[in-house]
Amino acid sequence: MSIASTITTFQNELQPIGVQLIAVSKTKSNEEILEAYQAGQRVFGENQVQELVGKYEELPKDIQWHLVGHLQTNKVKYIAPFVTLIHSVDSFKVLKEIDKQAEKAGRKIDCLLQIYIADEETKYGLDHAELIELLRSPEFQSLKHVRIRGLMGIATNTENQKMIKEEFYELKMLFDGIKTTFFPQEHHFDTLSMGMSSDYKIAIEQGSNMVRIGSQIFGKRSIKHFKATE
């Protein structure tokens, strides 16, 4: 199946149920991205800042670029002028730098707080206690150039669907609790990004409204490039 027809299939599946598709295009060529673009896809996710910047400069400007990979503080300045959503905020240090660079760019940047839900040591993210501490801190309240849109999580890379389901369920319960406690009047706190090519259907069943799909759209990539963000 072509990239264009796959995009159409996903759009027909996801749009009626209110789930946003992020086409994860890391390591993929501009030509492949344009094929998805011409099929109507406008939201793409990248893992590496350098690759994201290069594609932003070369591809149509109505593309919404999401950073889905781990973000280092010294790289924030390169994407602050244009990034639509950062999925991978895993510390207050990173959030503070995003706020600083957003102010310099004269804009407010939408962010998701990445939560550690997997039974793996290689994943990034805040645990529940760190999340609560961050949201309660006066320093967080002082940030004026970031907007927290919701939470993101990556499930364990396993064939055990029961484990994946439980991890996504736990994240959805956390999302609901955080919204009620910290963002009761903020309608912009509305995004739960969970689910990738291998587990997005389970994620949607558990309440995800944003999925990050790469290999099912663009095909498998070499192992040396693969990281668990799609």
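Let us look at the structure shown here. (Residues numbered from 1 in each chain as written. Predicted model: local features only at pLDDT ≥ 70, side-chain atom pairs only at ≥ 80, totals over all residues. Heavy atoms only, no water.)

Helix α2 (residues 30-38) packs onto helix α1 (residues 3-14) with a crossing angle of 45° between their chain directions and a minimal axis gap of 8 Å. Taken together, the axes of α1 and α2 lie oblique to each other. For the pair α1 and α2, the sense of crossing is right-handed. Between α1 and α2, the residues in contact are I3, A4 and I7 and E32, E35 and A36, respectively. (Axes fitted to C-alpha atoms, helices over the stretch in contact; angles between N-to-C directions. Helix = DSSP H or I, 4+ residues; strand = E, 2+ residues; numbered from the N terminus. Parallel < 35°, antiparallel > 145°, perpendicular 65-115°, else oblique. Left-handed = near helix turned anticlockwise from the far one by under 90°. Contact = heavy atoms within 4.5 Å.)

Moving on: helix α3 (residues 49-58). Where α3 is concerned, the buried positions are V49, L52, V53 and K55. Looking at the buried positions of α3, the neighbouring elements they touch are α2, β2 (43-46), β3 (64-67) and α4 (76-79). (Buried < 20%, exposed > 50% of the residue type's maximum accessible area, 1.4 Å probe, protein only.)

In the structure shown here, the tally under the stated rule is 8 salt bridges. Across the salt bridge formed by K55 and E46, the nearest N and O atoms sit 2.8 Å from each other. On the accessibility criterion, K55 (5% relative accessible area) is buried. On the basis of relative accessibility, which here comes to 0%, the residue E46 falls in the buried class. In this structure, the salt-bridge partner of D190 is R149, at a minimum N-O distance of 2.8 Å. Here D190 is found in the loop between α8 (161-182) and β7 (191-194), whereas its partner R149 is found in strand β6 (residues 146-153), with 41 residues between them in sequence. (Salt bridge = Lys/Arg side-chain N within 4 Å of Asp/Glu carboxyl O.)

Below, the discussion takes up the environment of K123. Here K123 is to be found in the loop between β5 (109-115) and α6 (128-136). Sequence separation between K123 and I154 is 31 residues; the distance between their C-alpha atoms is 7.7 Å.

This next bit is on unusual backbone geometry. Excluding glycine, residues mostly have negative phi values, and the peptide bonds linking residues are mostly trans. Positive phi, close to 70°, is recorded for T27, a residue that is not glycine. With respect to the secondary-structure elements, T27 resides in the loop between β1 (20-24) and α2.

The next thing to look at is the nonpolar core. If you look at the biggest cluster of nonpolar residues, it comprises 64 residues, and the most contacted ones within it are I79, I86, I98 and L151. Of all the elements, α8 adds the most residues to this core, at 6 residues. Apart from residues lying up to four places away in sequence, I86 is in contact with L67, L71, I79, I98, I109, D110, C111 and L112. Formed by 8 residues, the second largest nonpolar core is a distinct cluster that contains L112, I154, M196 and M210. (Core = buried A, V, L, I, M, F, W, Y, C linked by side-chain atoms within 4.5 Å.)

For the rest of this paragraph, the subject is the packing of aromatic side chains. Within a pair of aromatic rings, the relevant descriptors are the distance that separates the centres and the angle that separates the planes. Here the structure, examined in full by the defined rule, presents 5 aromatic pairs. For the pair F183 and F189, a centre-to-centre distance of 4.3 Å together with 10° between the ring planes defines the contact as stacked. On the basis of relative accessibility, which here comes to 7%, the residue F183 falls in the buried class. Joined through ring pairs, the aromatic side chains of F175, F183 and F189 make up one cluster. One cation-aromatic arrangement involves R42 over Y37; the distance from NZ or CZ to the ring centre is 3.6 Å. Between the NZ or CZ atom of K61 and the centre of the ring of Y56, over which it lies, the distance is 4.9 Å. (Phe/Tyr/Trp six-rings, centres within 6.5 Å; stacked < 30°, edge-to-face > 60°. Lys NZ or Arg CZ within 6 Å of the ring centre and 35° of its normal.)

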